[in-house]
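Geometric and topological summary
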Amino acid sequence: MTDTLRPVENAPVPASGSPQKLKRSIGVVGGTLLTLSCVTPASTLFVVVPDLFGSLGTATALTIAIGSVLCIAVAFCYSELGTLIPSAGGEYAMVSTLAGRLAGWLVFVLSLLVVMIVPPVIAMGTADYLAPVVHLDPAMTGAGVMLLATLAGLLDLRANAWITGVFLVLEVVAAGVVAVLGFAHGERGAGSLVSMQVTGAGGHTDHVTAMMVVSGLAIALFVTQGFSTAVYLSEELENPRRTVARTVLATLAISSVVILVPVVAITMGAPDLKALTGGDLSSMVTAWSNTAVGTFVSLCVALAIINAGIVMVIQNSRVLFASARDKAWPEPVNNALAKLGRFGSPWVATLVVGVPGALLCFVNLDTLYGVTGVSVTGMYLLVAVAALLARRGAHAHTPAWRMPLWPAMPVLLIAVLGYILTQQEATYLLWTGGITAAATLYWALYLRPRRATRWLVSLPEDARA
């Protein structure tokens, strides 16, 4: 592999001096709370899953279950690479070190697409769940949530861990209430989970094909995507060689259960196929109980969305901070994005993430979903390639958590994710491909000619030691 970075223990330090360091202040519990909040099970259940019900009907639970199983292999890759290369750069630091700088740059661009798009996608659902109290414009409300999350992201990470932890409890309670109500009002048996039916455009029942399920896997992967946040927080986790893997795997397991169980309950408890495909979960909850319970659940979901916004802004600002520290941009931009504020947070990077996120709340939601699904799938694919290369040379002897069934696990993952990409809509592939092509031009015209001084992936001193 050409143009790869030097081994981790000899990673270059920028010529301007030692890179800025983030403070190690959280353990497994705090990291898991923050990571689970980024997955934001309840807001994912109430904002993203209804779209899957609309296109996949009774096959939604099966599709999410398959996506969760695929994510086990993805989580293994993240756990090994995240402990081998614990950097706030996340995917791009891992892939750059193991698969080459160009591959790392492309992963960075894909991850940047994901981290910029996902928060406004979630935030725009806030208005729907505040409706029992006040009627608001979805785009304006989403923009407000993004700005509020940006302000919270400027605070100390430990303080945010407690804030998000309280909100997380509320959203898990809301998901639990939905699950109990759905099972208590079951209209159909477990066989409905594999009946593969959806309401068509004319109101008649259509059959969900296997190809439709495969196409839906890109969004299903997005449903639990936030477990990778532990990798972005690895520079602020105490003893990352142990805590990163534990946090990644625990978060995936918990989030899969918190999301999948209510989806099964909703599928079995929906009054009819039309109601299920319509995806109006708030109305179903109210019909199963009463207005007070429906309002409580809706407000919990609204808080969960705000919680997710806070954590995603925290995560995303770390990605930009790391890219500036690693000299991805012209020097004035690097200097600005690498600034740390009074509370130790990268305040300029936080603003750069939050303000554009507020503006994206006014973009068509279907486009945002499609581009995000393609970007997540492509990013996981490149991470799997890096995992396949993780045990060559000096990396084979670096202390790290090692996945079982290597190299079969990443090889299988590469094949499956590659096939999923081929089944996505051409429009979303073109949007993502066009952005990736522009990023490749930036690499060829700016980064590669300056490879001695630009795009130098660094690691914190304690990790390199």
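Refer to the structure presented above.
Predicted, not measured: the structure shown is a model, and the values here were computed from it. (Residues numbered from 1 in each chain as written. Predicted model: local features only at pLDDT ≥ 70, side-chain atom pairs only at ≥ 80, totals over all residues. Heavy atoms only, no water.)

**Comments concerning the environment of G104**
The residue G104 is located in helix α5 (residues 101–123) in this model. The spacing of G104 and E91 is 13 residues in sequence and 7.6 Å in space, taken between C-alpha atoms. For G104, the residues in contact, after removing those within four places along its chain, are Y92, V95, S96 and W455. (Helix = DSSP H or I, 4+ residues; strand = E, 2+ residues; numbered from the N terminus. Contact = heavy atoms within 4.5 Å.)

**Quick notes on the packing of aromatic side chains**
Scanning the model with the defined rule gives 13 aromatic pairs in all. Seen in terms of ring centroids, F76 and W401 are 5.8 Å apart; in terms of plane orientation they differ by 40°. Their pairing is tilted. Of the two residues, F76 sits in helix α3 (residues 60–84) while W401 sits in the loop between α17 (365–388) and α18 (408–422), which places them 325 residues apart along the sequence. For the ring pair W105 and W455, a centre distance of 5.2 Å and an interplane angle of 90° mean the geometry is edge-to-face. Of the two residues, W105 is situated in helix α5 and W455 in the loop between α19 (426–447) and α20 (461–464); the sequence distance between them amounts to 350 residues. Under the relative-accessibility criterion, W105 is labelled buried at 2%. The class of W455 is buried, set by a relative accessible area of 1%. Taken together, the ring pairs in this structure connect Y92, W105, F108, W329, Y442, Y446 and W455 into an aromatic cluster. (Phe/Tyr/Trp six-rings, centres within 6.5 Å; stacked < 30°, edge-to-face > 60°. Buried < 20%, exposed > 50% of the residue type's maximum accessible area, 1.4 Å probe, protein only.)

**Some details on unusual backbone geometry**
Of the consecutive residues W406 and P407, the connecting peptide bond is found in the cis state with omega at 5°. A positive phi is found at M196, a non-glycine position, where the angle reads about 55°. Given a relative accessible area of 13%, M196 falls into the buried group. Positive phi is not limited to glycine here, since L405 has a value of about 60°. Examined against the element boundaries, L405 turns out to sit in the loop between α17 and α18.

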